[in-house]
Amino acid sequence: MATLRVSSALASSLTSTSSSLHCHPSSFTKFQSSPIWTLSFAVTSLCSRRGKRMAHSIARATLGLTQINQTEAPKISFAAKEIDLVEWKGDILAVGATEKDSARDENSKFQNPLLQKLDSKLGGLLSEASSEEDFSGKSGQSTILRIPGLGSKRIALVGLGSSTSSTAAYRSLGEAVAAAAKSAQASNIGVALASTDGLSAESKLSSASAIATGALLGIFEDTRFKSESKKPKLKSLDILGLGTGSEIEKKLKRASDVCAGVILGRELVNAPANVLTPAVLADEAKKIASTYSDVFSANILDVEQCKELKMGSYLAVAEASANLPHFIHLCYKPSGGEIKKKIALVGKGLTFDSGGYNIKTGPGCLIELMKFDMGGAAAVLGAAKALGQIKPAGVEVHFIVAACENMISGTGMRPGDIITASNGKTIEVNNTDAEGRLTLADALVYACNQGVEKIVDLATLTGACVVALGPSIAGIFTPSDDLAKEVVAASEVSGEKLWRMPMEDSYWDSMKSGVADMVNTGGREGGAITAALFLKQFVDEKVQWMHIDLAGPVWSDKKKNATGFGVSTLVEWVLKNSTN
């Protein structure tokens with residue numbers, strides 16, 4: 001993304017955002033119209049820039065001699081069982097308890113029947129120890145005891161918070177279980193809820209799915225770039241007391257499929273720019289198409305093909321980089337049945353954003369993290385991988401990424417340049433660090449030309465959105481109430497946080513240019529809104545469209561790792577548009 005500046009750099013971050021990957025003028029102004037993830041090290045041939053052959057244009061994917069360790073994504077066997085917890089045998093028995101479940105009587109004994117039973121079996125040790133540790137069921141609390149008397153070696157109580165638990169709470173339970181498994185080097189775990197009163201059959205399914213998701217993502221650790229690493233020993237997880245049968249098994253399988261996509265998304269964002277070039281990102285897209293060739297096809301456009309499509313806005317951003325741009329188009333078509341919906345997912349794919357001539361400088365500019373400026377592309381490709389495994393019926397999905405770098409050179413786009421997008425609209429570049437929207441402009445035009453009915457684009461677009469919503473919530477912008485309801489409903493299932501932002505048309509006045517159709521950044525105020533209004537100029541009015549600014553939640557400062565944000569919501573949204 002372009003700029004995520006706060007505090008003293010606030011003004012800059014509000015205008016040149018995390019998604020801004022600035023562009024430069026090029027000759028295009030003249031146009032007026034389960035898995036193992038392996039990065040391939042592609043070396044592109046010498047290219048000609050403005051008639052000159054330049055040796056430095058070789059893409060050096062192994063810059064710094066960095067090689068990638070071959071690692072396997074975690075594989076956990078999930079099973080749903082109905083069994084007396086006292087009889088369950090394994091390494092750790094984890095029980096999720098709400099604040100209500102954790103209530104005590106006058107003798108400091110649990111009132112919850114299940115916890116009473118476990119405590120009785122342990123001679124009161126569970127209530128005594130948890131009381132000493134002040135366990136009250138609050139979110140984030142946990143206590144783990146190694147004790148004899150049960151089939152399991154350890155028992156853990158994990159707080160779920162208030163009595164009405166959410167998807168996030170159950171996912172946190174799974175993550176806590178994964179953390180306990182890592183610490184104890186456990187290979188098998190059982191998870192149960194202290195009470196299932198009030199949970200419908202559907203709620204039990206969704207809570208089981210969330211627990212499994214939290215455990216699988218919690219056990220995952222990206223060690224590809226570490227010289228030493230430990231492999232997790234967790235092999236199996238039993239979901240206890242939430243039902244059995246084909247429905248819950250299907251739900252757990254789907255959770256595993258979605259997690260595979262989230263893990264790919266995390267790995268893509270975590271990969272540094274000296275490894276993950278535009279060419280390598282395109283190779284990863286081709287691997288998805290190859291792996292799921294029964295439903296996927298890939299079309300990777302090179303520079304000349306993009307020129308033929310008059311993608312002057314996208315190519316201007318890419319012009320300064322020695323690593324050539326690659327325009328990625330994956331198409332999912334179910335192997336049989338009628339296609340009832342055609343939709344597109346568009347992701348911003350800046351594998352690195354220097355800011356261009358408006359270079360990112362100063363404290364808070366986050367230039368060292370601009371490898372995550374392709375977080376939108378990672379979400380799109382992660383969703384593609386998951387959907388390749390799930391194979392929904394009745395829906396055709398186009399996955400589109402205009403991949404490139406925003407760098408600085410004598411051929412680069414300059415402030416003040418005027419560039420022309422593929423729909424013929426002209427743009428005066430007043431900030432080269434607002435480049436992401438320039439790449440998305442041509443990607444959105446391309447998506448509309450595929451004949452789709454709905455488009456969702458995702459981008460680490462603006463620091464302004466981070467200032468408005470913080471690090472955990474993505475902003476969504478759309479003129480369509482119906483599409484907003486669809487995507488928000490999908491996010492409620494996935495547990496990812498979205499907040500609808502206004503598209504105030506009057507703010508467009510700040511985007512007007514005296515010499516072109518528009519500028520690429522407006523004033524300081526409302527930077528995330530004006531960025532969305534800019535993108536709207538490149539979407540057919542007949543197409544329902546939403547922009548998701550995930551500049552905040554794409555990265556976890558606490559974990560110093562990518563989150564894979566967006567994958568789960570995209571998959572759920574596509575499934576809602578399918579006939580599965």
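Calculation criteria
Position labels on residues start from 1 in each chain and follow its written sequence. Reporting in this predicted model follows two pLDDT cut-offs: at least 70 for local features of residues, and 80 or more for side-chain atom pairs to be given and counted; totals over whole chains, interfaces and linings ignore these cut-offs and use all residues. Computation of side-chain values covers all heavy atoms of the structure but excludes hydrogens and water. UniProt positions are given in the numbering used here, feature names are shortened, and annotations may be inferred rather than shown by experiment. Numbering of helices and strands starts at the N terminus; helices are DSSP runs of H or I of at least 4 residues and strands are runs of E of at least 2. Buried residues are those whose accessible area, probed at 1.4 Å on protein chains only, stays under 20% of the maximum for their type, while exposed residues exceed 50% and partly exposed ones sit between those limits. Residues are treated as being in contact if the distance between any of their heavy atoms lies within 4.5 Å. For the purposes of these results, a polar contact is taken to be a pair of N or O atoms within 3.5 Å, where, inside protein, one atom must be able to donate a hydrogen and its partner to accept one; residues adjacent in sequence count only when each atom of the pair is a side-chain atom. Per-residue confidence from the predictor is reported as pLDDT, a score between 0 and 100. By this definition, two strands are paired if DSSP reports at least two bridges between them. Every axis corresponds to a line fitted to the C-alpha atoms, with the helix fit spanning only the stretch in contact, and the corresponding angles, defined between N-to-C directions, vary from 0 to 180 degrees. Any Lys or Arg side-chain nitrogen found within 4 Å of a carboxyl oxygen on Asp or Glu counts as a salt bridge. For this classification, under 35 degrees means roughly parallel, over 145 means roughly antiparallel, 65 to 115 means roughly perpendicular, and everything else is oblique. In this scheme the handedness of a crossing depends on how the near helix is turned from the far one: anticlockwise by less than a right angle means left-handed, clockwise means right-handed. Under this grouping Gly is polar, as are all residues other than the nonpolar Ala, Val, Leu, Ile, Met, Phe, Trp, Tyr, Cys and Pro and the charged Asp, Glu, Lys and Arg. Whether a crossover is right-handed depends on one test, that the path from the first strand over the helix to the second runs clockwise when the strands point away from the viewer. Put simply, a nonpolar core is a bunch of buried Ala, Val, Leu, Ile, Met, Phe, Trp, Tyr and Cys residues held in one set by side-chain atoms that sit within 4.5 Å of each other. One less than the number of residues in a helix, times 1.5 Å, gives the span that helix is expected to have.

- By the naming in an unreviewed UniProt entry, the protein is Cytosol aminopeptidase domain-containing protein, taken from Anisodus acutangulus.
- Its UniProt record, at the heading Cofactor (unreviewed entry), says of the protein: "Mn(2+)".
- As its UniProt record puts it under Subunit (unreviewed entry), the protein is described as follows: "Homohexamer (dimer of homotrimers)."

1. Some thoughts on the UniProt feature "domain: Cytosol aminopeptidase" (unreviewed entry) in the protein
In step 1: In this structure's numbering, the residues bearing the UniProt feature "domain: Cytosol aminopeptidase" (unreviewed entry) are residues 431-438.
In step 2: The distance separating the terminal C-alpha atoms of residues 431-438 is 11 Å; by composition the span is 38% helix and 0% strand.

2. As for helix α3 (residues 125-132)
In step 1: Of all the residues in α3, the buried ones are L126, S127, A129 and S130.
In step 2: For α3, the secondary structure elements touched by its buried residues are α2 (113-121), β5 (142-146) and β6 (152-161).
In step 3: D134 sits one or two positions beyond α3 and adopts a positive phi of about 60 degrees.

3. Structural notes on the side chain of K454
In step 1: Looking at the secondary structure, you find K454 in strand β15 (residues 454-459).
In step 2: Engagement of the side chain of K454 in a polar contact is seen with the side chain of E486, the distance being 2.8 Å.
In step 3: When near neighbours in sequence (up to four residues on either side) are disregarded, K454 contacts K341, K342, I343, A344, L483, E486, V543, Q544, W573 and N577.

4. A word on the environment of E82
In step 1: Turning to its location among the elements, E82 is positioned in the loop between β3 (77-81) and β4 (90-98).
In step 2: Using a relative accessible area of 51% as the deciding quantity, one classes E82 as exposed.
In step 3: Counting along the chain gives 158 residues from E82 to L240, while the straight-line C-alpha distance between them is 5.7 Å.
In step 4: Here G243 takes part through its backbone nitrogen, which lies 2.8 Å from a polar atom of the side chain of E82.

5. Some thoughts on the confidence of the model for the protein
In step 1: For the protein, mean pLDDT is 89; residues scoring 70 or higher make up 89% of the total.
In step 2: Contacts from residues 2-59, a stretch scored under 50 in pLDDT, to residues over four places away or in other chains number 254 contacts.

6. Overview of the environment of V258
In step 1: If you trace the backbone, V258 turns up in helix α6 (residues 246-270).
In step 2: Sequence separation between V258 and A386 is 128 residues; the distance between their C-alpha atoms is 5.1 Å.

7. Brief notes about the sheet that holds strand β7 (residues 188-193)
Sheets are built from strands paired through backbone hydrogen bonds, the pairs being either parallel or antiparallel.
In step 1: Read from one edge to the other, the open sheet built from six strands follows the order β3-β8-β7-β4-β6-β5, with strand pairing classed as mixed. Unpaired on one side and paired on the other, β3 and β5 mark the two borders of the sheet. Averaged over all pairs of adjacent strands, the angle between their axes in this sheet comes to 20 degrees, without regard to strand direction.
In step 2: Sheet analysis places β5 next to β6, joined by five bridges and oriented antiparallel.

8. Description of the pattern of salt bridges
In step 1: This model, assessed by the stated rule, comprises 22 salt bridges.
In step 2: We note a salt bridge from E435 to K348, for which the minimum N-O separation is 3.5 Å. With E435 in the loop between β14 (426-428) and α11 (436-448) and K348 in strand β11 (residues 341-353), this residue pair connects regions lying 87 residues apart in the sequence.
In step 3: Given the relative accessible area of 0%, E435 is considered buried.
In step 4: The structure contains a network of salt bridges with shared partners spanning D222, R224 and E267.

9. Let's talk about the sheet that holds strand β18 (residues 518-519)
In step 1: Spatial ordering of the open sheet is given by β13-β14-β18, a layout of three strands whose pairing is mixed. Here the strands that pair on one side only, and so sit at the sheet edges, are β13 (418-420) and β18.
In step 2: The pairing of β13 with β14 spans three bridges and is antiparallel. Residue T420 lies in a different strand from β14, and its bridge partner there is T426.

10. Notes on the packing of α6 against helix α10 (residues 375-390)
In step 1: Packing of α6 against α10 leaves a shortest axis separation of 8 Å and a crossing angle of 150 degrees. Here α6 is positioned roughly antiparallel relative to α10, judged by the angle of their axes. For α6 against α10, the interelement crossing comes out right-handed. Side by side, α6 and α10 meet where R254, D257, V258, A260, G261, L264, G265, L268 and V269 of the first sit next to G375, A378, L381, G382, K385, A386, Q389 and I390 of the second.
In step 2: For the contact of α6 with α10, the class distribution of residues is nine nonpolar, five polar and three charged.

11. Concerning the pairing of β7
In step 1: With five of its six residues buried, β7 lies for the most part within the structure.
In step 2: Bridging between β4 and β7 involves five bridges; their strand directions are parallel. Across the sheet, residue G96 finds its bridge partner in β7, namely L193.
In step 3: As defined by bridge partners, β7 adjoins strand β8 (residues 236-240) across five bridges and the pair is classed as parallel. Of the residues in β8, the one forming a bridge with G190 is D238.
In step 4: In this region the chain leaves β7, passes through helix α5 (residues 201-219) and returns to the parallel neighbour β8; the handedness of that crossover is right-handed.

12. Overview of the nonpolar core
In step 1: One finds L281, F296, L345 and F399 to be the most contacted residues of the largest nonpolar core, which totals 101 residues.
In step 2: Top element by residues in this core is α10. It accounts for 10 residues.
In step 3: Formed by 54 residues, the second largest nonpolar core is a distinct cluster that contains C306, M503, M518 and V543.

13. Quick notes on helix α4 (residues 167-184)
In step 1: Here α4 contains 18 residues, and its C-alpha end-to-end distance of 26 Å stays within 8% of the 26 Å for a straight helix at 1.5 Å per residue.
In step 2: For α4, every residue scored as buried is listed here: A169, Y170, R171, L173, G174, V177, A178, A180 and A181.
In step 3: In the segment just after α4, Q185 is the residue with positive phi, at about 55 degrees.

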